[in-house]
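Fold and geometry: a report
Listed below are the residues making up each chain.
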Amino acid sequence: MTQPESVLLDVLGRHLSAVSARSVLTMGLARAHVDMQRPQPGDGRRLLHQIERGVRLYLADREAQDRCLRNVAHLLESHVEGQVEQQSRVSLPVNTEWDIVTVRSAGRSLCQQIGFSASFQVKVATAISELARNIVQYAGTGVIELATLATNPPGIEIVARDRGPGIPHLATVLSGEYRSRTGMGMGLRGTRNLVDQFEIKTAAGQGTEVVVRAFLT
Amino acid sequence: MHSGELHPQDVGRIPIIRLADNLVVSIQFSLSDRLVAQLKDDVTHAIDSSGALGLVIDVSGVDLMDSYISRTIRDIALVARLMGVLTVICGVSPLVAITLVEMGVDLKVVRSALNLDAALELLQDLRREAATRSTGQDTSA
Amino acid sequence: MPDAMLNCWESKKCGREPGGAKISELGVCPAASEVAINGANRGVNGGRACWVVAGTFCGGKTQGTFARKFASCLLCDFYRRVVTEEGAKFEGARELRDRWKPAAGTEGEHHDSEVEEMVIGISDAFDVLVRVAAGDYSAKAAEDVPNPIMQSLARTVNETVGRISTSVDALQTANRELDQKLELIERQRMMIHELSTPILQVWDNVLALPVIGVVDSRRSAEIMERLLTEITSRQSRFVILDITGVEVVDTRTADHFIKMVQAVQLLGSKCVITGIRPAVAQTLVEIGVDLSAVATLRNLREGLRECIRQMGATALPSAAARG
């Protein structure tokens, strides 16, 4: 038994009898096709789903179920997906117009690897395209960081960072009243509509950082 | 679904084909910004020199359309209309359509058709309609 | 012996094994030197059968004869450990007695065979219970014993264990069945999910989508993806979105429908919404939802009639062309 497994068993054991805890874990690992020796991206999410089935079956009280699952989710995040997340966080330079295509392709293949749906892939790739274009057009150079999120439901995080001039009149741009000749207002607003979380930090002469997160529905 | 995108450096220019009274632009790969901008110039030039009456933009090979690309397509349609040419876009993939709608992109000025045949048919209908309207024979419909 | 099993002196750390720390003081323990039962329960000499050896020294006290000391042995964790480890191959007091008869009265004790028989019977029962506690229900206490009380004890224990074993089996089966049922429910849920929004080809080039129930963002996203894929693969020119089965339409739901219509139009098909209930229509106006950009018709039939009319107006439908 690997270390994460025994820690998981320990947590389950706090809510379930020893026999039930073992059964929930064993069944979960088998059903989710998870090999704890070699954790893969997405393992934590699948395992959590299977463990949830078991816990809902063995624990009668809804609140107790949720308490138990919260602990398990927390644990999976730090023990299983933690290693994976490190591996799949990538930072890509955005310097030329060609990089827009390169970066969005990278985002798409990252989603593909994890097994996200085709519609989610297009959503993410489009958001990356918008953010990368903003960098090229307004700052010249910058980076795009991509990372998977081991949340429930799982998701992806895109960070666009540059040291450009910053976005003046941000509120106006985001409200849709402002129309740039190049279509930036639409790009940022479109991205915001497309994703689930959208944060933007910008200051004149300091650059811009946009953090967006999209989750599988 | 395309697994990888063709690098824009591999592609020089998007060909514009003359088909009867219409121009047909078929985009079979992912678009880079420069290619899109180039297309706008090329189409404007082709409309001017060919005297075509309609324009079809086939995007069946495009698996991603962001605000810049869709805006340029809209611009092309607006420019074409000022020059007396109607534009129909065809072959929009389901995922592209969903993304555009989710983003709130407005492509109403461009009519859509399911495929190239339907697009050419639609252009013919639109022209007939316009002709009927201008001669004032039928205003009830 | 492939595995070296733990002997009692290694577990108890009494120091009375040959070469132990305390032999000068207390002498070698009979359990460690009793060659007659060497190998019992895979131990060295009496190392794994110490409870039947008289005069052992556990927990700092010299233990008496088997009958006297066995009461404390029954609670000893080493004894329980050996029972669990050996399982069905466990040699209990009865088997060991048959193999090895300690010379009666060597310790100056009066040897009472009646008492010994009873202690062995109890020990049998205990062995079974220890194994049951460890999850092994196959153990049986010997029933063909001379003492009638011990006979009833053995029978009762065996019967009880049998019953527990049956109910555990039943529980496990029920558990498995429950699991299968859960899986079935899950599969059915998926099926219902799929079926809840069938996409019907009601006419050449016309798809109908009867929406029933609550439309949240997740469901609307699924419906939209399926509908658009269907339109593309069938190249359908018309879509009727029938919402007769939707009893409540709020701003969000209306927004989902508007997006669906827009997406369908982007593909190049025409989309009409039909079957808006009177109450829904009233609510939509009251909450200020603008559906003016969307074609709406009274019911599915009117929707279909309109689609056919438009097809006739534009071009020959392929059905007519084929005859």
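As a starting point, this report considers the structure included with it. (Residues numbered from 1 in each chain as written. Chains lettered and ligands numbered in written order. Predicted model: local features only at pLDDT ≥ 70, side-chain atom pairs only at ≥ 80, totals over all residues. Heavy atoms only, no water.)

Some thoughts on the environment of Arg 89 of chain A
Residue and element names in this part refer to chain A. Relative to the helices and strands, Arg 89 is located in the loop between helix 5 (81-88) and strand 1 (90-94). Along the sequence, Arg 89 and Glu 157 sit 68 residues apart, while their C-alpha atoms lie 9.1 Å from each other. Discounting chain neighbours no more than four positions away, the residues touching Arg 89 are Glu 145, Leu 146, Ala 147 and Glu 157. Separated by 3.0 Å, the side chains of Arg 89 and Glu 145 make a polar contact. Polar side-chain contacts of Arg 89 include one of 2.9 Å to the side chain of Glu 157. (Helix = DSSP H or I, 4+ residues; strand = E, 2+ residues; numbered from the N terminus. Contact = heavy atoms within 4.5 Å. Polar contact = N/O pair within 3.5 Å; in protein donor to acceptor, adjacent residues only side chain to side chain.)

A closer look at the nonpolar core
Within the largest apolar cluster, 102 residues are counted, with the highest numbers of intra-cluster contacts made by Ile 144 of chain A together with Ile 27 of chain B. When residues of this core are assigned to their parent elements, the largest contribution, 9 residues, is made by helix 10 (residues 251-267) of chain C. Setting aside residues no more than four positions away along its own chain, Ile 144 of chain A makes contact with Val 90, Ser 91, Leu 92, Val 94, Val 103, Ile 128, Leu 131, Ala 132, Ile 135, Ile 158, Val 159 and Ala 160 of chain A. The next biggest cluster of nonpolar side chains, apart from the first, holds 27 residues, and it includes Ala 40, Phe 90, Ala 93 and Leu 96 of chain C. (Core = buried A, V, L, I, M, F, W, Y, C linked by side-chain atoms within 4.5 Å. Buried < 20%, exposed > 50% of the residue type's maximum accessible area, 1.4 Å probe, protein only.)

As for the sheet that holds strand 1 of chain A
Residues and elements named next belong to chain A. Here 5 strands make up an open sheet; going across it, the order is 1-2-3-5-4 and the pairing antiparallel. What marks the edges here is a single partner per strand, and that holds for strand 1 and strand 4 (197-203). Mean inter-strand twist for the sheet, computed between neighbouring axes without regard to direction, equals 15°. Judged from the 5 bridges that link them, strand 1 and strand 2 (residues 142-149) form a sheet pairing that is antiparallel. Bridge pairing in strand 2 links Ser 91 to Glu 145. Each of strand 1, strand 2 and strand 3 (155-162) touches helix 6 (residues 97-114); the most contacted strand, strand 2, lies at about 10° to it. (Pairing = 2+ DSSP bridges. Axes fitted to C-alpha atoms, helices over the stretch in contact; angles between N-to-C directions.)

Notes on the sheet that holds strand 1 (residues 16-19) of chain B
The strands that make up a sheet pair up through hydrogen bonds in the backbone, lying either parallel or antiparallel. Residues and elements named next belong to chain B. Taken together, the 5 strands give an open sheet; going across it, the order is 1-2-3-4-5, and neighbouring strands pair in mixed fashion. Every other strand in the sheet has two partners, leaving strand 1 and strand 5 (111-113) as the edge strands with one partner each. On average, each strand axis in the sheet is tilted by 30° relative to the strand beside it, whichever way the strands run. Two strands pair when backbone bridges link them, and strand 4 (residues 86-90) and strand 5 are joined in this way by 3 bridges, in the parallel orientation. Bridge assignment links Ile 89 to a residue of strand 5, and that residue is Ser 112. Across the face of the sheet, helix 4 (residues 116-135) comes into contact with strand 1, strand 2 (22-26), strand 3 (54-58), strand 4 and strand 5 while running at roughly 155° to strand 4.

Observations regarding the pairing of strand 5 (residues 238-245) of chain C
All names here are of chain C. The buried fraction of strand 5 is high, at 6 of 8 residues. Bridge count between strand 4 (residues 206-212) and strand 5: 6 bridges; the pairing is parallel. Bridged to Ile 212 within strand 5 is Gly 245. Direction of pairing for strand 5 relative to strand 6 (residues 270-274): parallel, over a ladder of 5 bridges. Bridging from a neighbouring strand, Ile 240 pairs with Val 272 of strand 6. Assessed by its sense of winding, the connection that carries the chain from strand 5 through helix 10 to strand 6 is right-handed. (Right-handed = clockwise from strand over helix to strand, strands pointing away.)

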